[in-house]
Each structure stands twice: as C-alpha cells, then as structure tokens.
Amino acid sequence: MLAESQMHSDAAEIMPDGPLELTPLARRTLLAAATAALVLTPACGESWAPVPVVTTQDDPAAQWRAFRDRFMTAEGRVVDNGNGGISHSEGQGYAMLFAEAFEDRPAFERAYHWARTNLRRPDGLYAWRFRPQAALPVEDANNATDGDLYIAWALLRAADRWLEPAWRREGQRMAQTILQKLVLEVEGRTVLLPAVFGFQHADRVVVNPSYYAFPALAALNRAVPDRAWGRLMDDGLQMMRGMRYGRWGLPADWVEIGRGRAAGAMQPAQGWPARFSFDAVRVPLHLAWAGLTTEPALRAATQFWNDPWMASRPAWADLRNGHVAPYAAPPGIEAVADVTTASGLSRAITRPLPGVAAAPDYYSAALAMLSRLALRENPRMLLTAHAQRAA
C-alpha cells in the first residue's frame, strides 16, 4: 500500500529463449501456490519431509463472506473504512483473490469489473487509489506494485478455476508489464519497485519488502516464464536477510538501497518511520505462505511476537530505539503473528484466529483473511495432507 504522500487457457504460454534455469532459492519460492499434485525436492540442504499439520478451528469461507458483506459495495468497490472510505488496487486484488479461493465467482467478477472500469491504466496496471468524494477520484495515476501483483495472480487463479481464457491472457499481460516497468537492476541486484514513479533517486532506490509476495511472483513466473523472476525472488530473499534492523532484527516497512558512493547499502528509508509495522508484517506472512519457514525474517518476527517480556503484542516496533507501540496490535496483525508462529514452529494453533468481525477496519480484516489463505496454502501443509491421503 503506497504511503498517502507518494503517490485452462487457449493462449499459449510465453517461453524464454532457452531452458529456464533457477537458483536453489528461487526454486524454493516456486513451491508456492502448489496443488495437491505438488512435487517437492530438497533445496539448500533443507529437508522437505512431512511436518505436523498446522491447523486451527475456523471456517475461512465464512470469514470471506463476512469480509465481502462488510467491505464490498454492490458495484464491487472495496472500501477502506480506516482511510476515509477510499479504495486501493491492493484492496481490489485482495478481494479478487479471496473470492477465487472461496469459489465466489459473482464477487470476483464484481471486484474485477469495478477495478478495471475505475483504476486500470493504459499500460494494464492499476492506479493505486480512488477517492470517491473527490472531483477527480483518481487524482494520482501511479500504480502500487502489491495491488498489481495480487490482481494479476487472482486473474490467473480464476482463469484456471473457471476456465476463462480471457482472464489468463490479462494476467499474462500484467505479468509482462510488471517485468518491463517494475523489475530493474540496482547495484547488481534485481529489485522490485513499489511503483512506476517516485522511488528511484540519484543516490538511492526505495523498496517495500512486503511487496515481495513470493507465492504471487511464483505464479506469474509460471504464466510468463522468464529468468528475471528467478533473479527477483532469489535476490529478494538475499536482501531480506540484510534488511533486518534493531534489537529484534526485524524488516522495516520501507528500505532504501544506496547508489553511487553508498552502493548497495541498505537502511530504513528516509521519509518513513523506521518501523516494523503495518506494511512489514506481511514479510513473514508471505514467507510462511511460500513455505520458506526457516528464513531469518520469519524467525525474527516469531521471536518478537512471542517475546515473554511483552504483556501483549504491540502494533509496531521502532527499529532505531527499540520502543514499541503503546497500544496492542489489531486483530489482523494478531492473525498474522499466530499463523507465522505456527508455520515457523510447525505446530497447531491452539486458539481461534482473530476474525473479520473483530477487526476495526478494512486493512486489519484483510490481514486476517490473508493469514487464513497463507495457512491453508503453505506447501508444507499441502505436502503433509498429500502424504496423509496416500497413507
């Protein structure tokens, strides 16, 4: 989500010039969004033997209906009630993904139609914000890469579920545009820009680690195979090992990568609080979703959220001075923390996940929904379920 101050198909898959070769780390990320026919191979020396099933007593489909009925209008616009009733490409992408996951085609079509009608740019990406009361509701045509990734991923998933070739073609077109406009080389690394404009400077490039939605990137790679996806995922994981700060070694919401004399140096970005907060909490969630449960950023977040010295999980942590928020994390972050902890430690969740009804606003509810999908689609979960069916 950009800061308010910034900004089976009849179509052949597009193949690269020669065989696609991925690094071990990138191959691991491609395990994300696997199906019941999942095939796993060891990578980086890690064993992929079945682990205990991570479960919780919950009805995710009912949670989706609660989200839909609370935050989606009849026209399909997802309302961010925590930010004055505006809407985002991110919210439309989330709703499309949830609707596909819970086989709600009418809601998928409404969310997609509204986004395509109101937010789609000429290049096929989506404007990041819609302000319904403004004379010009889309006053900033800049995109937000997380929204584009989720919309493209949802289209590809929906095309497979409901056999709509047009949706697959559109998801492929979006994937190509993301590669062309939002993936670039910065000081020897392949980096994902947060948007087309506003984040490249002469002395630095600003990135948002939480935009690296590894299951989505893996799905786009399958739809539009290109070596750049492997480099992007591999370098993203490597960078996240260095983008950890403060007493807990947590990822920051926004990070800048130095150019020139500071080439390659990574630090919390100028212009944003140096915090592990509402953006960065998605970093360990995306890692858990992709089955990358041994990554340091996920382990660090697990330790932070389960620190015995804290009476409750705080909403954020300051990565410079070690202070934490004087108020508790909202239910959505609690759900992320529970799923991340269970995935990282391969254990069951012993209490109900915080639900949509308890969330004070759209974003907290979205995090609660994303947590449920991450729990359900983690490839380790799928491997264990497959082994149990075969037994």
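See above for the structure.
Notes on the structure follow. Small disclaimer: the values here were computed from a predicted structure and weren't measured. (Residues numbered from 1 in each chain as written. Predicted model: local features only at pLDDT ≥ 70, side-chain atom pairs only at ≥ 80, totals over all residues. Heavy atoms only, no water.)

Packed helix pairs are specified by the crossing angle of their axes together with the interaxial distance, meaning the distance between the axes. Running from N to C, helix α6 (residues 165-182) and helix α7 (residues 214-223) cross one another at 105°; their axes reach a closest spacing of 9 Å. Taken together, the axes of α6 and α7 are roughly perpendicular relative to one another. Taken together, the residues of α7 that come into contact with α6 (itself represented by R168, Q172, A175 and I178) are L220, R222 and A223. Looking at side-chain class alone, the contact of α6 with α7 contains 4 nonpolar, 1 polar and 2 charged residues. (Axes fitted to C-alpha atoms, helices over the stretch in contact; angles between N-to-C directions. Helix = DSSP H or I, 4+ residues; strand = E, 2+ residues; numbered from the N terminus. Parallel < 35°, antiparallel > 145°, perpendicular 65-115°, else oblique. Contact = heavy atoms within 4.5 Å. Nonpolar A, V, L, I, M, F, W, Y, C, P; charged D, E, K, R; others polar.)

F67, F108 and F214 are the most contacted members of the largest nonpolar core, which has 120 residues in total. At 11 residues, the largest contribution of residues to this core is made by helix α5 (residues 145-162). With sequence-adjacent residues up to four places away left out, F108 is seen in contact with M96, A99, E100, A154, L155, A158, W162 and W167. (Core = buried A, V, L, I, M, F, W, Y, C linked by side-chain atoms within 4.5 Å. Buried < 20%, exposed > 50% of the residue type's maximum accessible area, 1.4 Å probe, protein only.)

Tracing the sequence through the fold places R68 in helix α2 (residues 60-71). Contact partners of R68, with chain neighbours within four places excluded, come to D104 and A107.

Our next topic: the environment of T294. Here T294 lies in the loop between α9 (282-289) and α10 (296-305). Exposure remark for T294: the relative accessible area of 36% places this residue in the partly exposed category. When the C-alpha atoms of T294 and G344 are compared, they prove to be 6.9 Å apart, with 50 residues separating the residues in sequence.

With that settled, consider the environment of A127. Structurally, the position occupied by A127 is in the loop between α4 (105-118) and β2 (129-130). A127 sits 12 residues away from A115 along the chain, and the two C-alpha atoms are 9.1 Å apart. In this structure, A127 is in contact with S89, L119, R121, V138, D140, A141, N142 and N143, ignoring residues within four places of it in sequence.

Now for the sheet that holds strand β7 (residues 266-268). Strand order across the open sheet formed by 3 strands is β5-β6-β7, with antiparallel pairing between neighbours. Unpaired on one side and paired on the other, β5 (204-207) and β7 mark the two borders of the sheet. Strand-to-strand twist in this sheet, taken as the mean axis angle between neighbours without regard to direction, amounts to 30°. As paired strands, β5 and strand β6 (residues 255-258) are joined by 4 bridges and run antiparallel to one another. Residue pairing for β6: R204 is matched across the bridge by G258. (Pairing = 2+ DSSP bridges.)

Within the structure shown, the criterion is met by 24 aromatic pairs. Where F108 meets W167, the ring centres are 4.9 Å apart and the plane angle is 50°; that geometry is what we call tilted. Note that F108 is positioned in helix α4 and W167 in helix α6, a separation of 59 residues in sequence. You'll find F108 and W167 in the same group, each marked buried. Centroid distance Y362 to Y363: 6.4 Å. Interplanar angle 50°. Geometry classified as tilted. On the accessibility criterion, Y362 (1% relative accessible area) is buried. Joined through ring pairs, the aromatic side chains of W64, F67, F71, Y94, F98, Y150, W153, W289, Y362 and Y363 make up one cluster. Here R157 stacks its cationic end above the ring of W153, 5.0 Å away from the centre of that ring. Here the guanidinium or amino end of R275 rests over the ring plane of W316, the centre of that ring lying 3.6 Å away. (Phe/Tyr/Trp six-rings, centres within 6.5 Å; stacked < 30°, edge-to-face > 60°. Lys NZ or Arg CZ within 6 Å of the ring centre and 35° of its normal.)

Between its first and last C-alpha, helix α8 (residues 227-242) extends 23 Å over 16 residues, near the 22 Å set by a 1.5 Å rise per residue. Within α8, the full set of buried residues consists of A228, W229, G230, L232, M233, D234, D235, G236, L237, M239 and M240. One side-chain oxygen of the residue at the start of α8 lies 2.8 Å from the amide nitrogen of A228, identifying that residue as D226. (Expected span 1.5 Å × (residues − 1). Polar contact = N/O pair within 3.5 Å; in protein donor to acceptor, adjacent residues only side chain to side chain.)

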